[in-house]
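In case you want the letters, here they are:
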Protein chains: 2
Amino acid sequence: MMSRHFESAPGLNEERDPATQGYVFNQTMLRIKDPEVTLDFYTRILGMTLVRKLDFPEMNFSLFFLAALDPEELNNWSQDTAERTVQTFGRPALLELTYNWGSEKDADLTYHNGNDEPKGFGHIGFSVPNLDTACQRFDELGVSFVKRPEDGKMNDIAFIRDPDGYWIEIFEPGRLPKGLEKHLG
Amino acid sequence: MMSRHFESAPGLNEERDPATQGYVFNQTMLRIKDPEVTLDFYTRILGMTLVRKLDFPEMNFSLFFLAALDPEELNNWSQDTAERTVQTFGRPALLELTYNWGSEKDADLTYHNGNDEPKGFGHIGFSVPNLDTACQRFDELGVSFVKRPEDGKMNDIAFIRDPDGYWIEIFEPGRLPKGLEKHLG
């Protein structure tokens, strides 16, 4: 029988528990300081769509759920908020942004990007149709780069920063097999 | 014209830049201490599939790319590693785990989950077909809970911990609209 995994590694569970059927990797949550700045970034620079916003007045925070949608996918989403809540939490690849009310006015508040010490979370990543075109546009739009493609050894990936300093990896899938060749074992 | 967003909020960019067409929210990267323990967790407890592993011997690290796949999706993946690299970096909702060789032997090394200070990244999240069934199974398997559904105010979500202490939210989409009702503005 063929493995349900495509690579071998210690620790892999081979017989999938049927109880996990239908599990969806739905969301990645990042805290943000100022939604006006960050929503501009993710919708203008990265083209994402705000599919659901949840305001929790009794706890003074809001959640913003963003998806990278093709235009035709817009029609798959319900205008009904309850239905759209179900859709939001049921589909893969949502970016969830948590905003604690008033944080944009707190001069001392910055969030931790996970790459400075103490390390943990590293980055989110977007694939783009053309890495060079994407990076040229990011430059024109004044986006902050951690690493341009030409920096360092890995010349087929870039890293940019979102407004809170979280890292976003940018890559063009078709370029990666050749680009990785010289580094892989 | 209907907005391309489904909610209103300051900062939203309305006219999507065509240059962002085809951008895919592909990955979320977390550093892990011990791949044997963590791959067991994500493949056994959450049912994920290892679709690509990249070893970088010159830099002493490995990357593991995991997807929550339905069984029939297994057939969509290529057995050719170069092709599968392209697939891995092109599709949404990959969990990327970074392993720096030898970290499992470093008694002092722990990774930062972003919820203790300094805060930043919050969690990843999985939707499940049935929250109660899922949580009962997690309990039976000895999974560590941050919050069970019955704890606190939000009784339709749970949080568990992965082996490095990263938080994973667990929810059943169909239960959320009713569960959120009493908290929303």
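This one's a predicted model, so the numbers in the text were calculated from it and none came from an experiment. (Residues numbered from 1 in each chain as written. Chains lettered and ligands numbered in written order. Predicted model: local features only at pLDDT ≥ 70, side-chain atom pairs only at ≥ 80, totals over all residues. Heavy atoms only, no water.)

Remarks on the nonpolar core
So, step 1. Counting residues in hydrophobic clusters, the biggest one holds 74 residues, and the most contacted among them are Tyr42, Phe126 and Phe138 of chain A together with Tyr42 and Phe138 of chain B.
So, step 2. Contact partners of Phe138 of chain A, with chain neighbours within four places excluded, come to Ile45, Leu46, Val143, Phe145, Ile160 and Ile170 of chain A together with Tyr23 of chain B. (Core = buried A, V, L, I, M, F, W, Y, C linked by side-chain atoms within 4.5 Å. Buried < 20%, exposed > 50% of the residue type's maximum accessible area, 1.4 Å probe, protein only. Contact = heavy atoms within 4.5 Å.)

Some points on the relation of the copies chain B and chain A
So, step 1. When chain B is fitted to chain A, the best match, at an RMSD of 0.0 Å, comes from turning it 180 degrees and sliding it 0.0 Å along the axis. On the angle and the small slide along the axis, the relation comes out as a two-fold axis. Within chain B, Ala93 of chain B has its C-alpha nearest the rotation axis, a separation of 2.3 Å.
So, step 2. A shared interface surface links the copies, since 100% of the contact residues of chain B are contact residues in chain A too. (Least-squares fit on C-alpha atoms with pLDDT ≥ 70 in both.)

A look at empty space enclosed by the protein
So, step 1. Enumeration according to the criterion identifies two cavities of 30 Å³ or more in this entry.
So, step 2. Phe25, Gln27, Thr28 and Ala93 of chain A together with Phe25, Asn26, Gln27, Thr28, Ala93 and Leu94 of chain B together form the lining of the largest cavity.
So, step 3. Among the elements of the structure, β1 (24–32) of chain A together with β1 (24–32) of chain B are those that each provide at least two residues to the lining of the largest cavity.
So, step 4. When residues in the lining of the largest cavity are grouped by element, the largest group, four residues, is from β1 of chain B.
So, step 5. When its volume is computed, the second largest cavity comes out at roughly 30 Å³.
So, step 6. Around the second largest cavity, the lining residues are His112, Gly114 and Phe121 of chain A together with His112, Gly114, Gly120 and Phe121 of chain B.
So, step 7. Here the residues of the lining of the second largest cavity are counted per class, giving two nonpolar, five polar and no charged. (1 Å grid on protein atoms, 1.4 Å probe; cavity = no way out; pocket = protein on both sides within 12 Å on 5 of 7 lines; lining within 4 Å. Points joined across faces, edges and corners; volume = space filled by probe spheres on them. Helix = DSSP H or I, 4+ residues; strand = E, 2+ residues; numbered from the N terminus. Nonpolar A, V, L, I, M, F, W, Y, C, P; charged D, E, K, R; others polar.)

Digging into the sheet that holds strand β3 (residues 61–67) of chain B
Backbone-to-backbone hydrogen bonds pair the strands of a sheet. The strands run either parallel or antiparallel.
So, step 1. Strand order across the open sheet formed by eight strands is β6(A)-β7(A)-β8(A)-β5(A)-β1(B)-β4(B)-β3(B)-β2(B), with mixed pairing between neighbours. Looking along the sheet, the strands with just one partner apiece sit at the ends: β6 (145–147) of chain A together with β2 (49–56) of chain B. Along the sheet, successive strands turn relative to each other by an average axial angle of 25 degrees, direction set aside.
So, step 2. Pairing of β1 of chain B with strand β4 (residues 94–100) of chain B, which is carried by six bridges, proceeds in the parallel orientation. Looking across to β4 of chain B, one finds that Arg31 of chain B is bridged to Thr98 of chain B.
So, step 3. Relative to the sheet, helix α2 (residues 81–90) of chain B contacts β5 (121–127) and β8 (167–171) of chain A together with β1, β2, β3 and β4 of chain B, its axis offset from that of β2 of chain B by approximately 110 degrees. (Pairing = 2+ DSSP bridges. Axes fitted to C-alpha atoms, helices over the stretch in contact; angles between N-to-C directions.)

Quick look at the pairing of strand β8 (residues 167–171) of chain B
All names here are of chain B.
So, step 1. In terms of burial, β8 is a largely internal element, four of the five residues being buried.
So, step 2. Note: strand β5 (residues 121–127) against β8, four bridges, orientation parallel. What sits directly across from Ile124, in β8, is Ile168.

None of this, on its own, says anything about what the molecule does.
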